[in-house]
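Coordinates in review
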Amino acid sequence: MKKLIRILICAALATGLVAVQQGFAEYDFGGGEITYKSTVFSHESHVGGMGFDCDTCHEGLFEMEGHALQGNPEFSMDAIYEGGFCGACHDGDTAFASDSDCTSCHVKDGGDIYYTEPVKAILFSHKAHGETGLECESCHTGLFGMEALAAQKGKDFTMAALYDGQYCGACHDGDTAFASDTRCATCHVGVKGYVRAHPSKGGDQHAAH
Ligand code: HEC
Ligand code: HEC
Ligand code: HEC
Ligand code: HEC
Ligand code: HEC
Ligand code: HEC
């Protein structure tokens, strides 16, 4: 029994030691791993792996504060493409370009998007489209914006535009994917579909009429 207790105490101490070591290891690399809305930045790979000094980034590029940029609208792909933030290096020169390899930085896609204007509701599923083998670049270099519902802010987000090969119609032409003048209900999940996906907004149902 005493022996068992001694073993247990040793095991507990060893676990504690590993945890402390991991703590120090993370500290060695600076700020650890930082997770934004859909991206991840790793101090371990940039400092430990690539050997960047702290002041490469913490002299103008980034605050030494976790998530200072979280939710800041200026922390966007457009800014990164223009050489700001991560784009200071991720320009295809110092490091892989920001207009490629989306999924190296983006650990999450854009999720399910429900359009509600002009009609409620159209479902666009990132998951379903990813499963067909499409890459992020097939939609996010010109065709669609970098923000949910950006398309519905345009006045011409209509069936006529789709039939004309714009927006979803770039693929839903009966060739790359089923045509936009067929299977209406596949895209149009309607008010019922919207309410099912947003149970807390059930009361919204009336607003649709
Ligand atoms: C390649 C760029 C880069 C390098 C090199 C770098 N950092 Fe960071 N660091 C960042 C980013 C990005 C953030 C998050 C800033 C934000 O969200 O506004 C950050 C945040 C931090 C934070 C805050 C973390 C938190 O969770 O509050 C600390 C502390 C930090 N860095 C320390 C360091 C130290 C120390 C070094 C050098 C050993 C270092 N960093 C090197 C990019 C870098
Ligand atoms: C000081 C230059 C610099 C900055 C700033 C920088 N990176 Fe990097 N990053 C690199 C280099 C160099 C590599 C190595 C890959 C390569 O050579 O293409 C890399 C690799 C990566 C990788 C792949 C390795 C890994 O960690 O999984 C990711 C993801 C990444 N960076 C994300 C980011 C994000 C997100 C930001 C902004 C918050 C950022 N980086 C800012 C230089 C930088
Ligand atoms: C078949 C087209 C398509 C593909 C492929 C695609 N997206 Fe999207 N994505 C969209 C549409 C449509 C929107 C909404 C933008 C709009 O309404 O203009 C969007 C929006 C987003 C958003 C914003 C979500 C928000 O809540 O603001 C992110 C992030 C995103 N996509 C990431 C990705 C990533 C990462 C990939 C690859 C893994 C990817 N997308 C692949 C069509 C696509
Ligand atoms: C070097 C890293 C990096 C690469 C490569 C990269 N992004 Fe981003 N992206 C970011 C960061 C950082 C943000 C702002 C923080 C966030 O939103 O997670 C961002 C924001 C976005 C947003 C805004 C919505 C949101 O989640 O905030 C979209 C959409 C997006 N990126 C799509 C893409 C697409 C598509 C590609 C490939 C063509 C790509 N990104 C490549 C780092 C990257
Ligand atoms: C880059 C090409 C491309 C674009 C752009 C695109 N799709 Fe698709 N979509 C596909 C492909 C490929 C499939 C699978 C093949 C098929 O079903 O014909 C598909 C399947 C679907 C499906 C059936 C799978 C599911 O989610 O249940 C729906 C619904 C759909 N798309 C809606 C949309 C909507 C809405 C838009 C615009 C916001 C859009 N798609 C934009 C290529 C695209
Ligand atoms: C590939 C997906 C897709 C298919 C298939 C589709 N739609 Fe649409 N529809 C959309 C999108 C996206 C919008 C604009 C966003 C919104 O209204 O929420 C839209 C908008 C509309 C509108 C309002 C705008 C306008 O053009 O007057 C009507 C009406 C409409 N669709 C009817 C139909 C009918 C009828 C069918 C079948 C013959 C159909 N749709 C098939 C995606 C689709």
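Now for a description of the structure that goes with this document.

About the criteria used
Residues numbered from 1 in each chain as written. Chains lettered and ligands numbered in written order. Predicted model: local features only at pLDDT ≥ 70, side-chain atom pairs only at ≥ 80, totals over all residues. Heavy atoms only, no water. Helix = DSSP H or I, 4+ residues; strand = E, 2+ residues; numbered from the N terminus. Buried < 20%, exposed > 50% of the residue type's maximum accessible area, 1.4 Å probe, protein only. Contact = heavy atoms within 4.5 Å. Areas by Shrake-Rupley, 256 points an atom, 1.4 Å probe, with all protein chains shown as cover. Donors = N, O, S within 2.8 Å, 3.2 Å for Na, K, Ca; no water. Tetrahedral: all angles 85-135°; square planar, octahedral: opposite > 155°, others 65-115°. Polar contact = N/O pair within 3.5 Å; in protein donor to acceptor, adjacent residues only side chain to side chain. Phe/Tyr/Trp six-rings, centres within 6.5 Å; stacked < 30°, edge-to-face > 60°. Near = heavy atom within 4 Å. Nonpolar A, V, L, I, M, F, W, Y, C, P; charged D, E, K, R; others polar. Pairing = 2+ DSSP bridges.

This brings us to the overall build of the chain. Of the regular secondary structure elements, the chain holds 10 helices and four strands. Listing the helices and strands of the chain from first to last along the sequence gives α-β-β-α-α-α-α-β-β-α-α-α-α-α. Relative to its full complement of 209 residues, the chain shows a buried share of 20%. For the chain, the share of sequence-separated contacts (at least 6 apart) that also reach a separation of at least 24 residues comes to 43%. With the model as given, the accessible surface of the chain reaches about 14500 Å², and the carbon-plus-sulfur share is 57%.

To continue, consider the coordination of the iron atom of ligand 3. Protein coordination at the iron atom of ligand 3: the donors are His126 (NE2) and His140 (NE2), at 2.0 Å from the metal. Classification of the site at the iron atom of ligand 3 rests on its six donor atoms, whose angles at the metal span 88 to 180°, yielding the label octahedral. You can see His126 sitting in helix 6 (residues 126-131) and its partner His140 sitting in helix 7 (residues 137-140), a full 14 residues away along the chain.

For His90, the location among the structural elements is in the loop between helix 4 (77-81) and helix 5 (102-105). Relative accessible area serves as the criterion here: at 14%, His90 is assigned to the buried category. Through-space distance from the C-alpha of His90 to that of Ile80 is 8.1 Å; in sequence the pair is 10 residues apart. In contact with His90, other than residues within four places in its own chain, are His46, Ala95, Phe96, Ala97 and Ser98. Polar side-chain contacts of His90 include one of 3.1 Å to the backbone oxygen of Phe96.

Within this structure, the stated rule accounts for seven aromatic pairs. Centre to centre, the rings of Phe144 and Tyr167 are 6.4 Å apart; their planes meet at 40°, and the pair counts as tilted. Taken together, the residues span a long stretch of sequence, with Phe144 in the loop between helix 7 and helix 8 (159-163) and Tyr167 in the loop between helix 8 and helix 9 (184-187) at a distance of 23 residues. Each member of the pair, Phe144 as well as Tyr167, carries the same accessibility label: buried. Every member of this aromatic cluster is reached through a ring pair, and the members are Tyr36, Phe62, Phe75 and Phe85.

Glancing now at the site of ligand 3. Taken together, 24 residues sit near ligand 3, with Tyr115, His126, Cys136, Cys139 and His140 positioned nearest. Take Gly145: an N or O atom from its main chain is 3.4 Å from an oxygen atom of ligand 3. In this structure, an oxygen atom belonging to ligand 3 sits 3.3 Å away from a main-chain N or O atom of Leu149. Listed by contribution, the elements that provide at least two residues to the shell around ligand 3 are strand 3 (112-115), helix 6 and helix 7. Class assignment for the residues of the shell around ligand 3 results in 12 nonpolar, seven polar and five charged.

This next bit is on the coordination of the iron atom of ligand 5. Within the protein, the iron atom of ligand 5 binds to His129 (NE2) and His172 (NE2); these donor distances fall in the range 2.0 Å. For the iron atom of ligand 5, the six donor atoms in the first shell make angles of 86 to 180° at the metal, so the coordination geometry reads as octahedral. Of this pair, His129 sits in helix 6 while His172 sits in the loop between helix 8 and helix 9, and the two are 43 residues apart along the sequence. The exposure class of His129 is partly exposed, given its relative accessible area of 25%. On the accessibility criterion, His172 (15% relative accessible area) is buried.

Turning next to the pairing of strand 3. In terms of strand pairing, strand 3 meets strand 4 (residues 122-125) through four bridges, oriented antiparallel. Bridge pairing in strand 4 links Ile113 to Phe124. The antiparallel hairpin formed by strand 3 and strand 4 contains six residues in its connecting segment.

Close to ligand 2 lie 18 residues; Ser45, His46, Cys86, Cys89 and His90 are nearest. Take His46: an N or O atom from its side chain is 2.8 Å from a nitrogen atom of ligand 2. In this structure, an oxygen atom belonging to ligand 2 sits 2.9 Å away from a main-chain N or O atom of Phe96. Looking at the shell around ligand 2, the elements that each hand over two or more residues are strand 2 (40-42), helix 2 (43-49), helix 3 (54-57) and helix 5. Tallied by class, the residues present in the shell around ligand 2 amount to 12 nonpolar, six polar and no charged.

On their own, these measurements won't tell you what the molecule is for.
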